[in-house]
Amino acid sequence: MRMRLPAGALRRCLLPLVALLLAAAFGIGSAARAQTQQLLNVSYDPTRELYKDINALFVADWKEKTGKTIVIRQSHGGSGSQARSVIDGLGADVVTLALAADIDAIARRTGKIPADWQKRLPDNSAPYTSTIVFLVHKGNPKGIKDWGDLVKDGVAVVMPNPKTSGGARWNYLAAWAWAKRAYGGDEAKLRAYITRLYQHVPVLDTGARGSTTSFAQRGIGDVLVSWENEAFLVKREFGADKFDIVVPSLSILAEPPVAVVEGNAGPKGTLEAARAYLNFLYTPKAQAVIARNFYRPRHPEAAAPEDIARFAKLDLVTIDGEFGGWDKAQAEHFADGGTFDQLYKPQR
Amino acid sequence: MSLAIPFKPKPSILPGFGLSLGITLTGLSLIVLIPLAALLLRAASADPNEILELVTSARTLAALRLSFGAAFLAALLNAVFGLMIAWLLVRHEFPGKRLVDAAIDLPFALPTAVAGVALAAIYAPNGWIGGLVAPLGVKIAYTPAGVFIAMVFVGMPFVIRTVQPVLAEAETDVEEAAALLGASRMRIVFTVILPGVMPALLTGFVLAFARAIGEYGSVIFIAGNVPMVSEILPLLIVIRLEQFDYAGAAVIATLMLVVAFVLIAAINALQGWTRHRLGDA
Amino acid sequence: MRDLRLSLRASSGRSDPARLLFFALCFGFLALFLLLPLLVTFVEAFSRGVGVYLDSLADPDARSAIRLTLLVAAIAVPLNVVIGIAAAWLVARFEFRGRQLLVSLIDLPFSVSPVIAGLVYILLFGAQGYFGPWLKAHDIEIVFALPGIVLATLFVTFPFVARELIPHMQALGGSEEEAALMLGASGWRTFLHVSLPNVKWSLLYGVLLCNARAMGEFGAVSVVSGRIRGVTATLPLQVEILYNEYNTAAAFAVASLLAMLALLTLVLKSILEWRFADSIAAARGH
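Attention here is on the structure that accompanies the text. Everything numeric in this text was worked out from a predicted model, so none of it was measured.

This next bit is on the overall build of chain C. What chain C contains, in helices and strands, is 16 helices and 0 strands. Counting across all 286 residues of chain C, residues that qualify as buried make up 54%. Excluding contacts between residues fewer than 6 apart, the proportion of contacts in chain C whose partners are at least 24 apart in sequence is 72%.

Take the overall build of chain B next. Looking only at helices and strands, chain B features 13 helices and 0 strands. N-terminal to C-terminal, the α/β element order of chain B is α-α-α-α-α-α-α-α-α-α-α-α-α. Seen along its three principal axes, the alpha-carbon backbone of chain B occupies a region of about 65 × 65 × 30 Å.

Next up on the list: the interface of chain B and chain C. If you look at the interface, chain B gives 87 residues, while chain C gives 87 residues. A per-class count over the side of chain B that touches chain C returns 65 nonpolar, 13 polar and 9 charged.

Our next topic: the interface of chain A and chain C. If you look at the interface, chain A gives 29 residues, while chain C gives 29 residues. The residue inventory of the side of chain A that touches chain C, partitioned by class, reads 12 nonpolar, 9 polar and 8 charged.

Our next topic: the packing of helix α4 (residues 100-110) of chain A against helix α14 (residues 326-334) of chain A. Describing two packed helices takes the angle between their axes plus the distance from one axis to the other. Residues and elements named next belong to chain A. Close contact between α4 and α14 brings their axes to 9 Å; oriented N to C, the two are set at 100 degrees. Of the possible angle classes, the one that applies to α4 and α14 is roughly perpendicular. Seen from α4, the contacting residues are A100, A101 and D104; seen from α14, they are W326, D327 and Q330. Partitioned by chemical class, the residues of the contact of α4 with α14 number 3 nonpolar, 1 polar and 2 charged.

The next subject is unusual backbone geometry. In this structure, N140 of chain A is a non-glycine residue whose phi angle is positive, near 50 degrees. The phi dihedral of F144 of chain C is positive, around 60 degrees, even though this residue is not glycine. With respect to the helices and strands, the residue F144 of chain C is situated in the loop between α7 (132-137) and α8 (146-157). Residue classification places F144 of chain C among the buried positions, given that 30 C-beta atoms sit within 10 Å.

On to the packing of helix α4 (residues 60-93) of chain C against helix α9 (residues 159-172) of chain C. Residues and elements named next belong to chain C. Look at α4 against α9: their axes get within 8 Å of each other, and the N-to-C directions meet at 30 degrees. Here α4 lies roughly parallel to α9, going by the angle between them. Handedness of the crossing formed by α4 with α9: right-handed. Seen from α4, the contacting residues are N80, V81, G84, I85, A87, A88, V91 and A92; seen from α9, they are F160, V161, A162, L165, I166, M169 and Q170.

To continue, consider the sheet that holds strand β10 (residues 258-260) of chain A. Residue and element names in this part refer to chain A. Taken in spatial order, the 4 strands of this open sheet run β2-β1-β3-β10, and their pairing is mixed. Each edge of the open sheet is held by one strand with a lone partner, namely β2 (70-77) and β10. Pairs of neighbouring strands in the sheet enclose a mean axial angle of 20 degrees, with direction left out of account. Two strands pair when backbone bridges link them, and strand β3 (residues 94-96) and β10 are joined in this way by 3 bridges, in the antiparallel orientation. Directly across from V94, in β10, lies its bridge partner V260. Taken strand by strand, helix α2 (residues 48-66) contacts β1 (37-44) and β2, and its axis lies near 165 degrees from that of β2.

Attention now moves to the sheet that holds strand β6 (residues 157-158) of chain A. The strands that make up a sheet are held in pairs by hydrogen bonds between backbone atoms, and each pair lies either parallel or antiparallel. Residue and element names in this part refer to chain A. Here we have 4 strands laid out as an open sheet, ordered β6-β7-β5-β8, and mixed in their pairing. A strand with exactly one partner marks an edge of an open sheet, and here the two such strands are β6 and β8 (243-246). When strand β5 (residues 132-137) meets β8, the two strands line up antiparallel, connected through 4 bridges. By the bridge assignment, V136 is partnered in β8 with D244.

The next point concerns helix α6 (residues 112-123) of chain B. Between its first and last C-alpha, α6 of chain B extends 16 Å over 12 residues, near the 16 Å set by a 1.5 Å rise per residue. Within α6 of chain B, 12 of the 12 residues are buried, which leaves it mostly tucked inside the rest of the structure.

So, about the nonpolar core. One finds V94 and V95 of chain A to be the most contacted residues of the largest nonpolar core, which totals 297 residues. Mapped onto the domain boundaries, this core takes at least three residues apiece from domain 1 (37-127 + 255-303) and domain 2 (132-252 + 318-343) of chain A.

What follows deals with the pairing of β2 of chain A. Examined bridge by bridge, β1 of chain A and β2 of chain A share 8 bridges and lie parallel to one another. If you follow Q37 of chain A over to β2 of chain A, its bridge partner there is I70 of chain A.

What follows covers the environment of L250 of chain A. Residue and element names in this part refer to chain A. For L250, the location among the structural elements is in strand β9 (residues 250-252). The exposure class assigned to L250 is buried, which follows from the 21 C-beta atoms found within 10 Å. Taking the C-alpha atoms as reference points, L250 and R181, separated by 69 residues in sequence, lie 9.5 Å from one another. The contacts of L250, once residues within four sequence positions are left out, are A177, W178, R181, L314, D315 and V317.

The rules behind each value
Residues numbered from 1 in each chain as written. Chains lettered and ligands numbered in written order. Predicted model: local features only at pLDDT ≥ 70, side-chain atom pairs only at ≥ 80, totals over all residues. Helix = DSSP H or I, 4+ residues; strand = E, 2+ residues; numbered from the N terminus. Buried ≥ 20, exposed ≤ 12 C-beta atoms within 10 Å, placed from the backbone. Contact = placed C-beta atoms within 7 Å. Nonpolar A, V, L, I, M, F, W, Y, C, P; charged D, E, K, R; others polar. Axes fitted to C-alpha atoms, helices over the stretch in contact; angles between N-to-C directions. Parallel < 35°, antiparallel > 145°, perpendicular 65-115°, else oblique. Left-handed = near helix turned anticlockwise from the far one by under 90°. Pairing = 2+ DSSP bridges. Expected span 1.5 Å × (residues − 1). Core = buried A, V, L, I, M, F, W, Y, C linked by C-beta atoms within 7 Å. Domains from an automatic or database assignment.

Here's what the structure looks like:
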């Protein structure tokens, strides 16, 4: 047949396809390397507002000190999936994630972050901290005061899935630490409490922001177990007259850590800027912004007193003291077959 | 097994077999098959015992049942209403028809996350419809029913859009003749119209079904995501990924893929069979 | 014939209960699953006024997202059209062993969860993937850059064109093409002047669906994009970013932009219908 000449015709049709794909690949690859220096900060969900403010300050500060213009790009998402993106090649210069375990994972799997990263910056490489608190409807109609009240009949608790959310892991550990003390170290009672707690959860969102939306916008549940900074933010965004923050008797000191991804910043030539960026977080200027964005600053004296006054004093356990560090906590509680898997029995 | 043998065509006067085969196979391989092969390769790297345990765990099976069950029901509903709406758009005139016609593609254009948020806003207990049925003790959002709703939404355009062009070009002569001969309307629908659009209808059903199985973005906003109850398979994959367990994720993905592929192949075979039967009749 | 059709129409009067039920069911379904979500989108988009709506679309990040989305669609849709037409021609015009298998393989991307669609490219081209080290050595970026987004989009939209065309071309049969060839037309000529015009509606639907999905795809793209604001965020990702910032109005404003694609569809289709009507009249010689 006349048309049966695949060889020539095929080549004519297929080559452009392949060429287009390749052109796209190379074209953008080179276009992305712009003239001004760019830093990519890969962060987790609730820090969007914080880094918007910080970045503006740092850009001005950098210009003043070095005379150079710098652009800071942001990427936000669940802490775990952000870590995974960096492992899979996302060119982050710095990571600012929800928990040390996620940065450890990057360090271990790629070697782009030195193993002792947490010692490279002050305060466990966490320039700000937070904790876990409860957010309830105005007037606290269900009378929720502490962790024990979450498992009372008729109380619906909203919190995300510890398997997919960094914040939820802090929730889980805080509940664990409380129950351990409340039941005098009785392991069986402690485990029963955790099981009952999650039976009170009608919606297990994949991330902290999802849970916040379910609670604040969809009207699900009586109490949201959440980051302290997130709880304040909800009050600001949805109206202080709608919600109250309840501080439990005991919670956990959440340290969202930061690190330079040297394996990315080095070859890109942004190492110096990346380090300066993270060091900047510890400066009084940044610490004040941190407090204004509802994170607990490491240097409260640098912040406005009214911002500091918001933070209630409460007993805080630490991940290292209570759970022997993230590596151990991760393996014991959240890995496959860990306590969460053992204790999670949904109510049908 | 060489590819050349199965792909050898029956003699035909039409040209372009080699060319179209070349383009199709190249595209299919580069975009679909090679990437999926990477998935299988990664799944195969998992420990066989772990694979077995993962695939047969109660939680995986519950998610499997929900994903495929809800997707099947959603596709069924879409098939019935899709056919009706296609008919409405092709054979009836009404004000605003063009607007309705254009809006059919909305579930594609709307990012699934937005669709999820919008649907949750409508069907949540404090939403427009969720609020209506809440006093009756009916919950839609954050239950398996929510999964079903999201799946109906994302699969809706498929049936309509596959049936519509076929219906538009179907000759109305036969229907008219049947009507003249005194056939009832129901009879015309079942003996004249339905057989004609059956292949397209089945195609639409397959597409809606397949799309619903894999849907993630819109479902997680409205499902509640409670393990064993309202947790879908794609979420299980995401949970694996969050734990950096690529192999586990690949295993569940492969499981989904195999079950979906078998089902789709079966329906496609059915479609081929109906077309053949109709052709012979 | 025309009179007959009229009489048939007339026989089903407006007060006919079955007809009313049919209309009620259709519109009920459409209202529940189409109108309400659309309404929510626009109500939310304009909840803070037109000013905020326009501002959110003029935002540099939103504009960059629009550009990226259009670029991705401009690459992915034509590629899929070429492949789709080839696949439909192959499946609908030739009998060969493995044909059913091929159709099922073409459908495969639909049944693959978008999450997986992104994941497979990470497994191939990610830093830990099978080609990761080679790409790195050659300084080629695929994932977390445009090529990855295009690939993921190609994957999820792969079946659309072919799937629209196949049932239609099968229903038509190949006799017209065969006739054209017998009369001495070349293969390409037959294809361009007989086959394509015959299936132009399905092709159009296929392209529109493909395009809508290409622009609206979220799951797969979110896995391979890296979500860098203003760089690798497509429109749907931008929507999610805004929504997660409690910026609901802006999120839905950007979302409404995507919804308005449907309006574009309307315009496009009307134009084609109009031209089509002319050509029909010409062909009939009236």
